[in-house]
Amino acid sequence: CWWRSELGRHCSCVLVTYSVVIATDDAEGSGTSCIKSHQVEVLGWVGVTLDPDDLTQLTSLQHLVRSHNIVAVVGLHAFRSARILLTCQEVGLPYLVVFGGTDVYECIKEEMKLRVMTQVVLGASHLLAFHDDVRNIILQTWPSLEQDRISIVPQSVVVDPCPDFNVSSFLTTLDDAHEQNIAYNSDVTFELKGKNNQDAREDKIDNNIPFRELNSAKENLTGETTVSSSVQEKLIQNCWTKCGANSPDKHEDLPEKFEPLVVLVAGLRPVKDVLFVVDAWSGWHERRGGCGRFVIVGPALDPHYTDHVHAHIARLSGVRVAPSLAPRKCQALIKSATVLVNSSLSESMPSALLEAMLLGTPVLARDIPGNASVVSHCVTGVLYSSPDTFLQGLDALLCHQHFRHALTAAARVLVTHNHCPQHERDGIFKVLLRVLRQ
């Protein structure tokens, strides 16, 4: 490799990432840092994953550089890694900034954080984004940047679901815990400050799922002709009978009370907006006679928001909250799910969606740029922008078998081709070479 012949010695690269993500084993959060570390090591480097809090002063970084022969630093998230990256400027160590999502979508809204990130960005050897929308925001925020200082490398995903994870037992345990949550929160009320999240975005998706567009574009996948709007409405109205016990899509390994199984993987913090559609689901669930579960899986990252979530779902039907799962167990849950949901206010490139698409689970994602970068509406998944369009998308996925199969087939092809480890590895290699050449 070029870097071996040029440097003539074994090289190390520090990956700086936030501690709470690593410690929780959250499949959505830890996947990014683990994959990046693995990709760097496959290239022949030594990847040293570092929590910013582990280095409290300049001398600590200098000692790390000498002991591991560090030649470059990769900071995941422009604000959370800022303290270490600014220290790199002091010692003349080149660094790459990988934008995580909340840094460009949320942190830039706060003057103090924007000021810190400006120092980090302008001092970086190179910048890396997962898709065009993040790149465009970076250029709009820091117009003095040269465009060739930003590279786009789509995030890769690897799945290896645990075959021994008993999803049915897991759901039963959640039901038992839910009864205790009801008793604890019976007289507790929490109020979140801020605007109503349901008003945060206007509807951008038509009320009717465009089956005709899907069937014309994907006829080779479905083998089916165009479905008229009147037939579509009839499908929705007769959803419960169409999705009965003999449906080919039904997971036979789960008890009927757990079907359909809707899974949302997210850390409990406001930006994930995990309560966005749960009230709509609860009413839908009651009309079905109590069948089905909506399971929110993820670590408690914001204590007050977590308390609010538990208090709210205690009053709802068919909604459960689970602590974070190890990645392989979480992937097993996603694989068993009827639908994987994302309800975030902002995302960079959500790995849980990519995992579901590769595992063959349909995805129902909120219509935001990060989700839309991987989910094409009615081609590789369904986008929604309100609780009503969420239910319409859910009904469509449950009631139209060919629609569901076309989406999952197209989604798997997309992720296999565009988000494979080799493509990410090649992209990271090129970027690291640019960093070292500078």
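How each quantity is defined
Residues numbered from 1 in each chain as written. Predicted model: local features only at pLDDT ≥ 70, side-chain atom pairs only at ≥ 80, totals over all residues. Heavy atoms only, no water. Core = buried A, V, L, I, M, F, W, Y, C linked by side-chain atoms within 4.5 Å. Buried < 20%, exposed > 50% of the residue type's maximum accessible area, 1.4 Å probe, protein only. Helix = DSSP H or I, 4+ residues; strand = E, 2+ residues; numbered from the N terminus. pLDDT = per-residue confidence, 0-100. Contact = heavy atoms within 4.5 Å. Expected span 1.5 Å × (residues − 1). Salt bridge = Lys/Arg side-chain N within 4 Å of Asp/Glu carboxyl O.

A. Examining the nonpolar core more closely. Counting residues in hydrophobic clusters, the biggest one holds 50 residues, and the most contacted among them are F165, F170, L171, L261, V263, L333 and L340. Per-element accounting of this core gives the leading share, six residues, to helix 17 (residues 351-359). V277, V319, V382 and L391 belong to the second largest nonpolar core, which has 35 residues in total.

B. Expanded view of the confidence of the model for the protein chain. Chain-level statistics for the protein chain give a pLDDT mean of 78 and a share of 71% at 70 or above. Low pLDDT (under 50) marks residues 1-13, which in the prediction has 42 contacts with non-local residues, meaning those over four places away or in another chain. Counted against residues more than four places away or in other chains, residues 16-35, with its pLDDT under 50, gives 62 contacts.

C. Structural context of unusual backbone geometry. Cis geometry marks the peptide bond from E259 to P260; its omega dihedral reads -5°. On the secondary structure map, P260 appears in the loop between helix 13 (239-242) and strand 7 (261-265). Here the phi dihedral of H77 falls at roughly 90°; this positive angle occurs in a residue that is not glycine. Along the chain, H77 falls in the loop between strand 3 (70-76) and helix 5 (82-91). You can call H77 buried: its relative accessible area is 5%.

D. Local environment of helix 20 (residues 401-418). Between its first and last C-alpha, helix 20 extends 26 Å over 18 residues, near the 26 Å set by a 1.5 Å rise per residue. Restricting attention to buried positions, one finds in helix 20 the residues F403, R404, A406, L407, T408, A410, A411 and V415.

E. Representation of the pattern of salt bridges. Within this structure, the stated rule accounts for eight salt bridges. Linking E106 and K109 is a salt bridge whose minimum nitrogen-to-oxygen distance equals 3.5 Å. Judged by relative accessible area, E106 falls into the partly exposed class, the value being 25%. With a relative accessible area of 62%, K109 lands in the exposed category. Through salt bridges with shared partners, a single network forms among D175, R293 and R320.

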